[in-house]
Structure formats: C-alpha cells, structure tokens
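Letter by letter, the chains look like this.
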Amino acid sequence: QVQLVESGGGLVQAGGSLSVACAASGSILSFNDMGWYRQAPGKQRELVAIIIRGGSTTYADSVKGRFTISRDNAKNTVNLRMNSLKPEDTAVYYCRASRVGILYWGPGTQVTVSS
C-alpha cells in the first residue's frame with residue numbers, strides 16, 4: 001500500500017520562504033510522476049508543480065520562478081521549495097503520485113502566508 005506523508009508546512013510572512021516535503025513509503029522511482037497540488041478555502045485543488053520520472057518539471061504560472069520542485073531518490077522524498085511567498089499561496093498543500101494510472105494522495109499540510 002502506497003503512503004505519502006507531507007511535512008514542513010507552517011506560518012510564514014509574505015516574502016518569506018518555506019519548504020515542504022513528501023515522504024513515500026516505497027521507491028519514488030516506481031512512480032510515473034509526483035507533484036504538489038494545493039487547495040485554498042472555497043477553491044478547487046490546483047496543480048502547483050510536478051516532476052516526472054525522467055526529471056522534467058512543470059510549474060503553474062502563478063509559482064514559476066518562485067517555487068522549485070526536487071526529489072531525493074535515496075530518501076524517497078519529493079520536496080517543494082517556496083520562495084517569495086504571497087498571501088495567495090495560503091492553502092493546504094497535497095503531495096500526489098501516479099503509477100500505472102492510479103493516483104495516490106497524501107493527507108496534506110497547511111501553508112499560511114501572512115500579509
């Protein structure tokens with residue numbers, strides 16, 4: 001059974017930085033891709049960043065140049081470094097992995113950016 005657990009969320013002031021991490025229960029190389037999504041109150045869940053097995057990355061326009069997704073194959077983690085945070089980045093951040101058409105989600109971690 002695949003398990004994903006996020007960590008590292010918290011409260012930060014606008015303009016600050018924060019990193020969140022997603023730990024997988026098995027080898028992350030078994031996934032076709034892994035990514036971060038977020039959901040703000042009253043809004044739909046949206047893609048933030050994704051990294052595919054080959055290493056290519058994709059970012060939402062709203063975070064390009066500010067967020068960086070990376071992975072540590074040895075630790076089976078996928079990380080999201082968030083710089084120049086804005087109040088509109090406030091959301092619950094979810095880790096997602098896909099393998100053979102099946103999606104796995106973590107429980108989420110709250111990121112709050114104060115103005």
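Above: the structure in question.
Summary of the structure given here. The shown structure was predicted, so the numbers you read here are calculated from the model rather than taken from an experiment.

Another point: the overall build of the protein chain. A count of helices and strands for the protein chain gives zero helices and eleven strands. Taken from the N to the C terminus, the helices and strands of the protein chain come in the order β-β-β-β-β-β-β-β-β-β-β. Taken over the C-alpha trace, the protein chain has a radius of gyration of 13 Å; the compact-globule value for 115 residues is 13 Å, and the two agree within 12%. By principal-axis analysis of the C-alpha atoms, the protein chain measures approximately 40 × 25 × 25 Å. Counting contacts in the protein chain only where the partners sit at least 6 residues apart, residues at least 24 apart contribute 53% of the total. Accessible area for the protein chain stands at about 5900 Å²; split by element, carbon and sulfur atoms hold 49% of it. Considering the protein chain, the positive charge centre built from 12 side chains and the negative charge centre built from 7 side chains are found 3 Å apart.

A word on the sheet that holds strand S7 (residues 67-72). The four strands lie next to each other as S1-S3-S8-S7, forming an open sheet whose pairing is antiparallel. A single partner strand is all that each edge strand has here, and the edge strands are strand S1 (4-7) and S7. Taking each pair of neighbouring strands and ignoring which way they run, the sheet shows an average axis angle of 15 degrees. Examined bridge by bridge, strand S3 (residues 18-24) and strand S8 (residues 77-82) share six bridges and lie antiparallel to one another.

Another aspect to go through is unusual backbone geometry. A positive phi is found at Asn76, a non-glycine position, where the angle reads about 55 degrees. Tracing the backbone through its elements, the reader meets Asn76 in the loop between S7 and S8. Positive phi, normally seen in glycine, also occurs at Ser84, with a value near 50 degrees. Looking at the element boundaries, Ser84 is found in the loop between S8 and strand S9 (91-99). The partly exposed category is assigned to Ser84, whose relative accessible area is 40%.

We now examine the side chain of Thr77. Relative to the helices and strands, Thr77 is located in strand S8. Apart from residues lying up to four places away in sequence, Thr77 is in contact with Cys22, Ala23, Ile28, Ser70, Arg71 and Asp72.

To continue, consider the environment of Gly106. Here Gly106 lies in the loop between strand S10 (102-105) and strand S11 (109-114). Overall, the relative accessible area of 8% leaves Gly106 in the buried class. Along the primary structure Gly106 and Trp36 are separated by 70 residues, whereas in three dimensions their C-alpha atoms are 9.8 Å apart.

Attention now goes to the state of the cysteines. The tally for this structure, following the rule as stated, stands at one disulfide. Between the sulfur atoms of Cys22 and its disulfide mate Cys95 the distance is 2.1 Å. Since a negative S-S torsion denotes a left-handed disulfide, the Cys22-Cys95 link at about -75 degrees is left-handed. Separated by 73 residues along the polypeptide, Cys22 in strand S3 and Cys95 in strand S9 bring together distant segments of the chain. The burial state of Cys22 is the same as that of Cys95; both residues are buried.

Thresholds applied
- Residues numbered from 1 in each chain as written.
- Predicted model: local features only at pLDDT ≥ 70, side-chain atom pairs only at ≥ 80, totals over all residues.
- Heavy atoms only, no water.
- Helix = DSSP H or I, 4+ residues; strand = E, 2+ residues; numbered from the N terminus.
- Rg over C-alpha atoms; globule rule 2.2 N^0.38 Å.
- Contact = heavy atoms within 4.5 Å.
- Areas by Shrake-Rupley, 256 points an atom, 1.4 Å probe, with all protein chains shown as cover.
- Lys, Arg positive; Asp, Glu negative; His and termini not counted.
- Charge placed at Lys NZ, Arg CZ, Asp CG, Glu CD.
- Pairing = 2+ DSSP bridges.
- Axes fitted to C-alpha atoms, helices over the stretch in contact; angles between N-to-C directions.
- Buried < 20%, exposed > 50% of the residue type's maximum accessible area, 1.4 Å probe, protein only.
- Disulfide = S-S within 2.5 Å.

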